[in-house]
Amino acid sequence: RYHLARENLLEDYTKENDISFLSLRLANGFGAPANSNNTCWNLLINSLARSLVFNGSFTFNSSPNISRDFFPLSLIEDFLVEIITENKPLPSKVLNFSMGHSLTLKEVSSRVNHIFLSLTGKSSEVKFLNKNNATDTTNKGDNFEINNAALLHAFGKKPFDLSSLDQEIKQLLQQCMID
């Protein structure tokens, strides 16, 4: 709500002052940082990957059924370059950087764990302390999705698939292993 209120204020201001604006919304981003001293380790997938590399385990305090729409940060750069350099008309004043579908914490941790195993040959453990089957009610149901149709249409892109998610996870894990 706080972010939406700010967007509304910005829209009002730009109308009054004849200025255009674009709001770029990022879903649950993750990705390898430029350097290991970066503060990105509080991002969920980043934290999970780093913990698997350094501790061989990760513990969630949440239900495994909570859904989130995760987005690889490396995909943003291409969009930003096009927005800045091509000055093309956009169909919306709000663009959502999202995959367009959600994964549960159990599903995403399983993906990270599988890629970790394929890279290292080491098994790891992911635990959920809250084992109830509750879903995240703030997401209005199990299939929480952030509509990214305007973003994809504006740039002539096809819907994202999970291979880009897996590639970013792999790069993130490799970065953690170097550090």
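Just so we're clear, the structure is a prediction, and the values are computed from it rather than from any experiment. (Residues numbered from 1 in each chain as written. Predicted model: local features only at pLDDT ≥ 70, side-chain atom pairs only at ≥ 80, totals over all residues. Heavy atoms only, no water.)

**Q** Whenever I open this one, the overall build of the protein chain confuses me. Can you help?
**A** Secondary structure summary: the protein chain contains 6 helices and 8 strands in total. Mapped from its N terminus to its C terminus, the protein chain presents α and β elements in the order α-β-β-α-β-β-β-α-β-β-α-β-α-α. On the principal axes, the C-alpha backbone points of the protein chain span a range of 55 × 35 × 30 Å. The 179 residues of the protein chain split such that 36% are buried. Taking the intrachain contacts of the protein chain between residues at least 6 apart in sequence as the baseline, contacts between residues at least 24 apart amount to 83%. Entry remark: accessible area of the protein chain is about 10700 Å², with carbon and sulfur atoms responsible for 49%. For the protein chain, the centre of its 17 positive side-chain charges and the centre of its 19 negative side-chain charges are spaced 6 Å apart. (Helix = DSSP H or I, 4+ residues; strand = E, 2+ residues; numbered from the N terminus. Buried < 20%, exposed > 50% of the residue type's maximum accessible area, 1.4 Å probe, protein only. Contact = heavy atoms within 4.5 Å. Areas by Shrake-Rupley, 256 points an atom, 1.4 Å probe, with all protein chains shown as cover. Lys, Arg positive; Asp, Glu negative; His and termini not counted. Charge placed at Lys NZ, Arg CZ, Asp CG, Glu CD.)

**Q** Got a minute to help me understand the pattern of salt bridges in this structure?
**A** Where charged atoms from two side chains of opposite charge come close, those side chains can pair. Taken as a whole and assessed by the stated rule, the structure comprises 3 salt bridges. A salt bridge links Arg-25 to Glu-7; the shortest N-O distance between them is 2.5 Å. Here the residue Arg-25 occupies a position in strand E1 (residues 23–26), and Glu-7 occupies one in helix H1 (residues 2–16), the gap between them amounting to 18 residues. Residue classification places Glu-7 among the buried positions, given a relative accessible area of 12%. Between Glu-11 and Lys-15 there is a salt bridge, and its shortest N-O distance comes to 3.8 Å. A residue pair is termed a helical-turn pair when its members lie 3 or 4 positions apart in one helix, as Glu-11 and Lys-15 do in helix H1 at 4 residues. Judged by its relative accessible area of 24%, Glu-11 falls in the partly exposed class. For Lys-15, a relative accessible area of 55% translates into the label exposed. (Salt bridge = Lys/Arg side-chain N within 4 Å of Asp/Glu carboxyl O.)

**Q** Is there a simple way to explain the packing of aromatic side chains in this structure?
**A** When we look at a pair of aromatic rings, we describe it by the centre distance and by the angle of the planes. Applying the stated rule across the entire model yields 4 aromatic pairs. An angle of 70° between the planes, with centres 5.7 Å apart, marks the rings of Phe-79 and Phe-97 as edge-to-face. One end of the pair, Phe-79, is in helix H3 (residues 76–86); the other, Phe-97, is in strand E6 (residues 94–97), and 18 residues separate them in sequence. Of the two residues, Phe-79 and Phe-97, both sit in the buried class. The structure contains a cluster of three or more aromatic residues connected by ring pairs, namely Phe-58, Phe-60 and Phe-128. Positioned over the ring face of Trp-41 is Arg-50, at 4.4 Å from the centre of the ring. (Phe/Tyr/Trp six-rings, centres within 6.5 Å; stacked < 30°, edge-to-face > 60°. Lys NZ or Arg CZ within 6 Å of the ring centre and 35° of its normal.)

**Q** Would you mind going over the packing of helix H4 (residues 105–120) against helix H6 (residues 162–178) with me for this structure?
**A** The relative placement of two packed helices comes down to the angle between their axes together with the axis-to-axis distance. Between H4 and H6, the least distance of the axes is 10 Å, while the angle of their chain directions is 55°. In this view, H4 runs oblique relative to H6, as classed from their interaxial angle. Regarding H4 and H6, the two cross each other, and that crossing is right-handed. Here H4 contributes Arg-111, Val-112, Ile-115, Phe-116, Leu-119 and Thr-120 to the contact with H6, which in turn contributes Leu-162, Leu-165, Asp-166, Ile-169, Lys-170, Leu-173, Gln-174 and Met-177. A class-by-class count of the residues in the contact of H4 with H6 yields 9 nonpolar, 2 polar and 3 charged. (Axes fitted to C-alpha atoms, helices over the stretch in contact; angles between N-to-C directions. Parallel < 35°, antiparallel > 145°, perpendicular 65-115°, else oblique. Left-handed = near helix turned anticlockwise from the far one by under 90°. Nonpolar A, V, L, I, M, F, W, Y, C, P; charged D, E, K, R; others polar.)

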